[in-house]
Amino acid sequence: MNDTLLDLTGVGLAFAGNRVLQDIDFNVPAGAVVSLIGPNGAGKTSLFNCITGFYKPQTGRITFGGHELLDLKPHLVTKAGIARTFQNLRLFREMTVLENVMSGMHCRTRSGAIAAVLRTPRQRKEEREIEAFSRDCLRFVGVDDDLDREATTLAYGHQRRIEIARALATRPKLLLLDEPAAGLNSGEKEDLIALIARIRDERGISVLLIEHDTGLVMKASERVSVLDHGVMIAEGTAREIQNDPKVIEAYLGQDDAEASLGF
Amino acid sequence: MGTFDIITHQLVNGLVLGSFYALVALGYTMIFGVIKLLNFAHGDLYMVGGFIGFLALSAISSVVGGAWPGIFVAMLFSMIAVGCLGVVIERVAYHPMLAAPRLSILITALAVSLVLQNTVLSLTQGQYTAFRSDLGFGGINLGSLFLTYNQMVLVAAAAVLMIALQVFVTRTQYGRAMRAVAIDKDMCELMGINVPAVIGVTFFVGSALAAAAGTMAGAYYGSIWYFMGFLIGLKAFTAAVIGGIGSIPGAMLGGLALGLLEAFGTQIPGIGSEWKDVFSFAVLILVLVFKPTGLLGQSEQERM
Amino acid sequence: MSEQKVFTSRLFGPLSFLFEHRATRWSSIAALILLMAVAPIVFGQYATVILTNALLYVVLALGLNVVVGYAGLLDLGYAAFFAVGAYTVGILTQHFGINFWLTLPIAVCAAALAGVIIGGPTLRLRSDYLAIVTLGFGEIVRLSARNLQITGAASGLSGIEQPWLFGWHIARPIDFYYVFCVLAAIAVIVSIRLANSRLGRAWLYVRHDEDVAEAMGIDRVKVKLAAYIIGAIYGAMAGAFFAVNLGAISPESFSFTQSVLILMAVILGGMGKIPGVILGAFIVILGPELLRDLGSMRLLVFAVGLLLIMLFRPSGIWPGRNAQR
């Protein structure tokens, strides 16, 4: 039905003898919200890092809208249309909210040193565009003021949203969110679910998220994939996953199995 | 001279040079191991060691004589003094900067280096100081090679120091703690190891070794100068990197390797003594670009 | 535009109030120009020479500021670029008789090339290694200048001719003073425009968090190389005019000590902040003059000053960190 936007086949990753990912077959359809869940240490962030080019898998292929991603440096992956947020919130320190988001527009603009020194009309127009679009992204995620405050001094919930705005500023086709709900209260989580839906519906951006909060996963995503010890053990709708015995068993190895399954 | 003679001659030169490089490189590598900082001022501790050794020898030579025994006593004195200086520097200048951005601590280390250099510069008006000793020029003949007693004593002394260090690192509590801190400092703190004390001891030992090299070099070459730490610092850094930064056997190996490389490098037609340093720097850059982990070092951690 | 305000405060620190409003901005600049124009007449020839030196250091320090202050790359061998400019001009005018003004674009190209050669290997290095590798390169350049015949070996080049510009023979100290005023002004304007640009921001992103910058689509190789190349061009331009000003150059002007002095100028005033860097340049040049009585202790005073600043006020002697308005 939907075209496949991101496609992983047979991806395997190992570090110094440790098999982190084994023979992963996985895809994200265009215009969808997909979640990736699994116990801690399953390899979810490593999968993100493979997609974004920070890790190089030893086996397999990753294609994105026709491009082969495997040999691309991370900044080229972003240019191709994949953006991400980080598990432990990595905003640029000592820089304002607006400046943080403006970083996303770097790969979509071209003015270099000479244009900057000469202040060519095109450079000035580009600077205005950068600021305008960055403000637009911030408005989209609901951050409207304090734009010239240092980003890391704002409330945690705000910072999470700024990170998303920053990723949106790269004009991605696919957005990778790494535990975007961590540390948010229930009201903020509801906002996040709405935001993810708007990202998909209003901006036409597909979303792949890693999450532990199953309630959120169920409400936000159309499809859920489960990773355990580097192996994809199940895939389906949220409802199907909840009742899958393999999934239950994988989580039973964790202390808070029942809690993490959201029963 | 025949080829064989050239080889043996340079072998000896390389060994002597390499001994100095190794002793200084050891301090670099040990300090890097525990606080992950390249102590830019380390070469200047070698220089200060040379000066203190000279002063000590002048003071005591009437009692212990000015030959090797006297020099070793002076050296011991210098090692203790410079060891303490190293600890003071760590406490005052580096410890407060450990949480600051990387650039800050590097510049601080540079500042310490400049303070040391310029203090001695002021005291000596920038002149070379003759390191007077009663070292003779005797030696033995091995074929056409004339091996001086000084050279033998030097290499032997360096070897003794390195063996002592190896024993310290593998057999004593502090030595083992030092290696543990180099592997995972935070874990060591959690396990109750007194990390600041271990760092202090590391600085003491590393600085003392540099001072030993400085005293011996001063005596051997006969003169000391405020700027002599600069070049040896860079060479020793090169040696530490060749051997693999953070690895103690690596520093010893690297020092030797660099000494030999330099000694034989000067024999390559075209590279006279004036290009010797360019040659060493080129080696440094090539190693860092193509094999940054050196011969025995550990590979970089993964990102993210 | 609030963004403008933030840039201004980051660039100018506490002096930013002077630049925020149109009226104060233009009158401050006018006052400054007037001051600089009459200084030689008021203070005499000796002072003119010193001021010219200070302006030379302003250019050099602003160049190093791009590398260290903006991009965060601790270059301890910056004098190499200074040397490239000076020797390129010296050799081309002396050995090949090329007109000085024509040698400038060649010096720029040579500098850019040097920037790539020196910057290239450092791209993947951590900052400690980067510092020492750049130091090594600085020494390689100095030693090569000392050893090669074409650079005049240890005695260097002499008899470099002073240039002519539309009938004006730039030869007297006061002539060079005005030339360096213009050079310094250009250096300041270029620095401001770069800081306020896409590239300027990219330097900050890469400096603060390289991996995240890359994840945001920034090519850190290009960005770092740009810093080296631009810094090199500053240095080479300074070197070019330095060569014709002195009429003679020798390898000793391009030693590690020189690199350190330029770095001190950048840091003592406040890394990254333009008025601070300018102040630092003046401190480094005027300081030794004022401390003349201390003889060989002059550099020690600076070294101790640098150490104290790093321990107690790492952002330089300019008060206050990035104030949030």
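Definitions and limits used
Residues numbered from 1 in each chain as written. Chains lettered and ligands numbered in written order. Predicted model: local features only at pLDDT ≥ 70, side-chain atom pairs only at ≥ 80, totals over all residues. Helix = DSSP H or I, 4+ residues; strand = E, 2+ residues; numbered from the N terminus. Rg over C-alpha atoms; globule rule 2.2 N^0.38 Å. Buried ≥ 20, exposed ≤ 12 C-beta atoms within 10 Å, placed from the backbone. Contact = placed C-beta atoms within 7 Å. Nonpolar A, V, L, I, M, F, W, Y, C, P; charged D, E, K, R; others polar. Pairing = 2+ DSSP bridges. Domains from an automatic or database assignment.

Regarding its fold elements, chain A presents 11 helices and 10 strands. Taking 18 Å as the expected radius of gyration for a compact globule of 263 residues, we find that chain A reaches 19 Å, a close match to that expectation. With 263 residues in all, chain A has 46% of them scored as buried. Taking the intrachain contacts of chain A between residues at least 6 apart in sequence as the baseline, contacts between residues at least 24 apart amount to 68%.

What follows covers unusual backbone geometry. All names here are of chain A. Even without glycine at this site, Leu89 takes up a positive phi of about 45°. Even without being a glycine, Glu94 presents a positive backbone phi close to 55°. Position of Glu94 relative to the elements: it lies in the loop between strand S6 (82-84) and helix H3 (97-102). Residue Glu94 is classed as partly exposed on the basis of its C-beta count, with 15 C-beta atoms lying within 10 Å.

Once that is clear, we can look at the interface of chain C and chain B. Between chain C and chain B, the residue contacts involve 31 residues of the former and 34 residues of the latter. Elements represented by at least two residues in the side of chain C that touches chain B include exactly helix H6 (127-147), helix H11 (256-269) and helix H13 (298-312) of chain C. It is H6 of chain C that provides the largest number of residues to the side of chain C that touches chain B, a total of 13 residues. Here the side of chain C that touches chain B is composed, by residue class, of 22 nonpolar, six polar and three charged.

Let us look at the pairing of strand S9 (residues 223-228) of chain A. Side-chain positions along a regular strand alternate between the two faces of the sheet. All names here are of chain A. Across the six residues that make up S9, a large majority, five, are buried. Note that strand S3 (residues 33-37) and S9 share four bridges and pair parallel. Across the sheet, the residue bridging to Val34 is Arg223, located in S9. Counted along the chain from S9 to the antiparallel partner strand S10 (residues 231-236), the turn is two residues long, and its residue His229 has a positive phi close to 50°.

Let's shift gears to the domain arrangement of chain A. Residue and element names in this part refer to chain A. Once the domains are mapped, chain A shows domain 1 (1-81 + 172-263) and domain 2 (91-171). For domain 1 and domain 2, the distance between their C-alpha centres works out to 27 Å. Contacts between the two partners involve 10 residues from domain 1, matched on the other side by nine residues from domain 2. Counting residues per element, the ones that place at least two in the side of domain 1 that touches domain 2 are helix H2 (74-80) and helix H7 (186-203). Residue contributions to the side of domain 1 that touches domain 2 peak at three residues, all from H2. Counted by class, the side of domain 1 that touches domain 2 contains five nonpolar, three polar and two charged residues.

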